[in-house]
Amino acid sequence: MSSSAVTYALIRSEIKLQTRQILFYSLSVLAVLFGMFIVQNLPTEKGVLAWGPYYLTKTIIIVGFIFPIIQAVFVVKATVRDRQFQLEELVFTTPVSKLHYLLSRWFGVFIPSILVYFAFLIGLSIGLAMLSSSSQVPIDISLLLSVLIWTSLVFIFPAILLSSVLLFALGLFSRSSLQVYLAAGLAFFLYQLLSVITGSPNMAQPFVLNETLKIIFDLLDPMASAEFYKQALYWTVEQRNTLQVILTDSLLFNRLLVLLSAIATILMSYFYFELRLKVSNKLNSGKANLDAPAKINSENITFNPVVVTEFDALAAFKALVKTEYLTTVLTKTFVFIVLAWGILLGSEVISGLVYLESLDVTPVPTTSIAINRFGFDILPTFSALFLVIFSAEIAWRDKEKKIADLIDVTPISNVQRYMAKWFALVCIPLTFITFAIIISMALQWIYGGDIDFVLYSSLYVYVGIPLLCIATLVLFINAVSPNKLVAMVVSLFFIILSQSNLGGYIGLEHGLFKFGHSPQLQHSELVGFSATSDAFWGYMAL
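Being a predicted model, the structure only gives us computed values, none of them experimental.

Enquirer: Can you help me understand the overall build of the protein in this one?
Expert: Secondary structure assignment for the protein yields 25 helices and 0 strands. Here the analysis covers contacts within the protein between residues at least 6 apart in sequence; of these, 77% occur between residues at least 24 apart. For the protein, the exposed surface amounts to about 28400 Å²; the carbon and sulfur share of it is 68%.

Following this line, the structure appears as structure tokens:
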């Protein structure tokens, strides 16, 4: 069989594996429904056609940054499954070259991602047809198709290419589903944060934190949204219904940077990846003779029955909580998250202590200003995302390590096991709140501010209680889900709805979709939390 035939057979087999599963069908159906609803719920301008170039391009760009989360599902299946099912030795010894292996696995990520995007476009077109039928305004089919094709080629496909390559490389070298999902989730929220602080019209309340940061982000933006808004800024209503974005020098340069980044990542992955297992140094350490039979003196063995008392049950419960918590936090992944979180939070606090955008002045470094920078938007949003990831790790750790059956025969009740996992999971956001308080207090002290310990302690209430509700929800979803992947997807869906305005855009406005979400709190040195505190307790009571 020729090399091209082998490549084609492997790619076709990989695509079949990725697309012939319930999760792919579910994602495709959700993409169709999402496209149908979003086009009917996004705000429009008077006279601007919903199927015109401006509105369609804007809509597609707004939802484009969601696709890395979808791609993470395919990346995990393509890169982690060999280790997950202990098939690495078998796969690596087959007569398949490194090029064939990498190409087939990557196409198994890229092609299903494109198919899900096409499903979204189909739903978008159906929604536009429904909108046209209700408004009695006919759709220009040729204009609609040209806009969808041009926008996809210029804005979406390069972004999907880059995100698929980056996530694929991460999964390839880490072989960790946790790191892949974490990277995709961080990319989702970090892109929103950068869009807000660089003044992107995509966001509800954008502002320009730093002009240099804005220039860098606009230059490297995978979606090139700034170039679109720059060209459409002075379009009239008629032009917004007819004109499309053109390839200016700056837009073309941005697209070339995205493509070059994708190519560089592909080449680095190819040259550094090896079809061989890594031999642990632990195997070579120690000089014990494994072949020597163990000597056991059977005469000294006595049977001591175990009697479980209430004290023993309580001690076992405490040990379970401690084990679950320490096993989660004493990992390289958790340390990396804390470091990245600390840098992000520190930069946000510093920006608030040195410059106040609303008044264009340098403020007094008070605790109120510090916590308003991170306490009621960044902290709960990122902590909720981390809960999705760590809840799956805690809930499915026993089965992944293949010790669930062993734990089942121990004298520990299911209530103890479940509550221990719940307590350990609740401690995760409390840990992030503690780190946030420590970092903020240190920076406030450096800038010469007076630290209000009581106000900082209020974060455990105003941020901790909603996160406790979210922790309970995501752990329940993991408990009733058939597998870890489904649990993470469902949990992430609810978290995105609760922590963003996406639900309102697609018509899901029921209060339960905002479970664990509290009103936007704001502290003032003059009146404290004022009426926002009453609103918070009203929401939490419900």
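Enquirer: Would you mind going over the environment of glutamine 18 with me for this structure?
Expert: Note that glutamine 18 resides in helix α1 (residues 3–19). Between the alpha carbons of glutamine 18 and alanine 78 there is a distance of 8.2 Å; along the sequence they are 60 residues apart. For glutamine 18, the contacting residues outside a window of four places in its chain are Phe24, Phe74, Lys77, Ala78, Gly108 and Pro112. Polar side-chain contacts of glutamine 18 include one of 3.0 Å to the backbone oxygen of phenylalanine 74.

Enquirer: Looking at this structure, how should I read helix α19 (residues 414–446)?
Expert: Because the α-helix completes a turn every 3.6 residues, residues three or four places apart line up on one side. The first and last C-alpha atoms of α19 sit 49 Å apart over 33 residues, in line with the 48 Å expected at 1.5 Å per residue. At the C-terminal side of α19, glycine 448 shows a positive phi close to 85°.

Enquirer: Any chance you could explain the environment of leucine 430 here in plain terms?
Expert: By the secondary structure assignment, leucine 430 is in helix α19. We classify leucine 430 as partly exposed; its relative accessible area is 31%. For the pair formed by leucine 430 and isoleucine 465, sequence separation is 35 residues and the distance between their alpha carbons is 9.9 Å.

Enquirer: Before we go on, may I ask you to explain the pattern of salt bridges in this structure?
Expert: A side chain of one charge can pair with a side chain of the opposite charge when the charged atoms of the two come close. Under the criterion given, the structure shown has 11 salt bridges. Residue arginine 397 pairs with glutamate 324 through a salt bridge whose shortest N-O separation is 2.6 Å. Taken together, the residues span a long stretch of sequence, with arginine 397 in helix α17 (residues 378–400) and glutamate 324 in helix α14 (residues 310–329) at a distance of 73 residues. Take arginine 397: its relative accessible area is 14%, and that puts it in the buried class. Between glutamate 400 and lysine 484 there is a salt bridge whose closest N-O contact spans 3.0 Å.

Enquirer: What is the right way to look at the packing of α1 against helix α7 (residues 98–135) in this model?
Expert: For the pair α1 and α7, the least separation of the axes is 8 Å and the interaxial angle reads 45°. As summarised for this structure, α1 and α7 are arranged oblique, according to the angle between their axes. As for how α1 packs across α7, the hand of that crossing is right-handed. Touching Ser3, Val6, Thr7, Leu10, Ile11, Glu14, Ile15, Gln18 and Thr19 of α1 are His100, Leu103, Ser104, Arg105, Phe107, Gly108, Ile111, Pro112 and Leu115, all from α7. Of the residues contributing to the contact of α1 with α7, the split by class is 9 nonpolar, 7 polar and 2 charged.

Enquirer: Explain unusual backbone geometry to me, please; I cannot follow it from the model alone.
Expert: What is expected of a backbone is that most residues other than glycine have negative phi and most peptide bonds are trans. Of note, arginine 175 is a non-glycine position whose phi angle comes to about 50°, a positive value. By secondary structure assignment, the location of arginine 175 is in the loop between α8 (141–174) and α9 (177–197). For arginine 175, a relative accessible area of 8% gives the class buried. In this structure, alanine 224 is a non-glycine residue whose phi angle is positive, near 55°. Tracing the backbone through its elements, the reader meets alanine 224 in the loop between α10 (211–220) and α11 (225–232). On the basis of relative accessibility, which here comes to 1%, the residue alanine 224 falls in the buried class.

Enquirer: Explain the nonpolar core to me, please; I cannot follow it from the model alone.
Expert: As a rule of thumb, soluble globular proteins bury nonpolar side chains together. Counting 135 residues, the largest nonpolar core has Phe120, Leu124, Phe155, Phe432 and Leu459 as its most contacted members. The contacts of phenylalanine 155, once residues within four sequence positions are left out, are Thr57, Ile61, Pro222, Met223, Ala224, Phe228, Val245, Leu251 and Arg255.

Enquirer: Even after reading the chapter, I still don't get the confidence of the model for the protein, so can you show me in this structure?
Expert: Residues shown with low pLDDT carry predicted positions that ought not to be read at fine detail. Considering every residue of the protein, the mean pLDDT works out to 82; 85% of them sit at 70 or more. Long-range and interchain partners of residues 281–292, a stretch whose pLDDT sits below 50, account for 0 contacts in this model, where long-range means more than four residues apart.

Enquirer: What is the right way to read the packing of helix α4 (residues 67–79) against α7 from this model?
Expert: Two measures define how a pair of helices packs: the angle their axes make with one another and the distance between the axes. The N-to-C vectors of α4 and α7 enclose an angle of 145°; their axes lie 9 Å apart at closest approach. For the pair α4 and α7, the crossing hand works out as right-handed. Between α4, through Phe67, Ile70, Gln71, Phe74, Val75 and Ala78, and α7, the contact on the second element is made entirely by Arg105, Gly108, Val109, Pro112, Ser113, Val116 and Tyr117. Residue classes in the contact of α4 with α7 are distributed as 9 nonpolar, 3 polar and 1 charged.

Enquirer: Can you help me understand helix α13 (residues 249–272) in this one?
Expert: Look at α13: 34 Å from first C-alpha to last across 24 residues, which is about the 34 Å you get at 1.5 Å a residue. Among the residues of α13, those classed as buried are Leu251, Asn254, Arg255, Val258, Ala262, Thr265 and Ser269. Each element contacted by the buried residues of α13 is listed here: α7, α8, α10 and α11.

Enquirer: How should I be thinking about the environment of glutamate 274 in this particular structure?
Expert: With respect to the element layout, glutamate 274 can be found in the loop between α13 and α14. Its relative accessible area of 47% is what places glutamate 274 among the partly exposed residues.

Enquirer: What am I meant to see in the packing of aromatic side chains here?
Expert: Note on aromatic pairs: each is described by the distance of the centres and the angle between the planes. Counted under the stated rule, the structure contains 24 aromatic pairs. Consider the rings of phenylalanine 493 and phenylalanine 494, whose centres lie 5.8 Å apart with planes at 75°: the pair is edge-to-face. Accessibility expressed as a relative area gives 33% for phenylalanine 493, which makes it partly exposed. A relative accessible area of 25% means that phenylalanine 494 is categorised as partly exposed. Among the aromatic side chains, those forming a connected cluster through ring pairs are Phe34, Phe67, Tyr117, Phe118, Phe120 and Phe157. Lying over the aromatic face of tyrosine 270, lysine 98 brings its terminal NZ or CZ to 4.6 Å of the ring centre.

The rules we used
- Along every chain, residues carry numbers that run from 1 in the direction the sequence is written.
- With pLDDT at 70 or above as the cut-off, local features in this predicted model cover only qualifying residues; side-chain atom pairs require 80 or more to be listed or tallied, and sums for whole chains, interfaces and linings still use all residues.
- Working from all heavy atoms in the structure, the side-chain values ignore hydrogens and water.
- Every helix listed is a DSSP run of H or I at least four residues long, and every strand listed is a run of E at least two residues long, numbered separately from the N terminus.
- When checking whether two residues touch, look at their non-hydrogen atoms; a contact exists if any pair is within 4.5 Å.
- For every accessible area listed, the method is Shrake-Rupley and the probe measures 1.4 Å; residues are considered covered only by the protein chains on display.
- Whenever two N or O atoms come within 3.5 Å, that pair is a polar contact, provided that in protein one can donate a hydrogen and the other can accept it, and provided that, for residues adjacent in sequence, both atoms are side-chain atoms.
- To estimate the expected span of a helix, subtract one from its residue number and multiply by 1.5 Å.
- Partly exposed describes any residue whose relative accessible area lies between the buried limit of under 20% and the exposed limit of over 50%, with all areas from a 1.4 Å probe on protein chains only and scaled to the type maximum.
- When a carboxyl oxygen of Asp or Glu lies within 4 Å of a side-chain nitrogen of Lys or Arg, that pair is called a salt bridge.
- Fitted lines through C-alpha atoms serve as axes, helices being fitted only where they are in contact, and the angles separating the N-to-C directions of these axes extend from 0 to 180 degrees.
- Relative orientations are named as follows: roughly parallel for angles under 35 degrees, roughly antiparallel for angles over 145 degrees, roughly perpendicular for angles from 65 to 115 degrees, and oblique for any other angle.
- Working rule for handedness: look at the near helix, and if it is turned counterclockwise from the far one by less than a right angle, call the crossing left-handed; if clockwise, right-handed.
- In this classification, the charged set is Asp, Glu, Lys and Arg, the nonpolar set is Ala, Val, Leu, Ile, Met, Phe, Trp, Tyr, Cys and Pro, and all remaining amino acids, among them Gly, are polar.
- What makes a nonpolar core is a set of buried Ala, Val, Leu, Ile, Met, Phe, Trp, Tyr and Cys residues whose side-chain atoms join them at distances within 4.5 Å.
- Residue-level confidence of the predictor is what pLDDT reports, using numbers from 0 through 100.
- Side-chain rings of Phe, Tyr and Trp (the six-membered ring for Trp) are treated as a pair once their centres are within 6.5 Å; stacked means planes under 30 degrees apart, edge-to-face means over 60, and tilted covers the remaining angles.
- Placement of a charge over a ring requires the Lys NZ or Arg CZ to be within 6 Å of the ring centre, with the centre-to-atom vector within 35 degrees of the ring normal.

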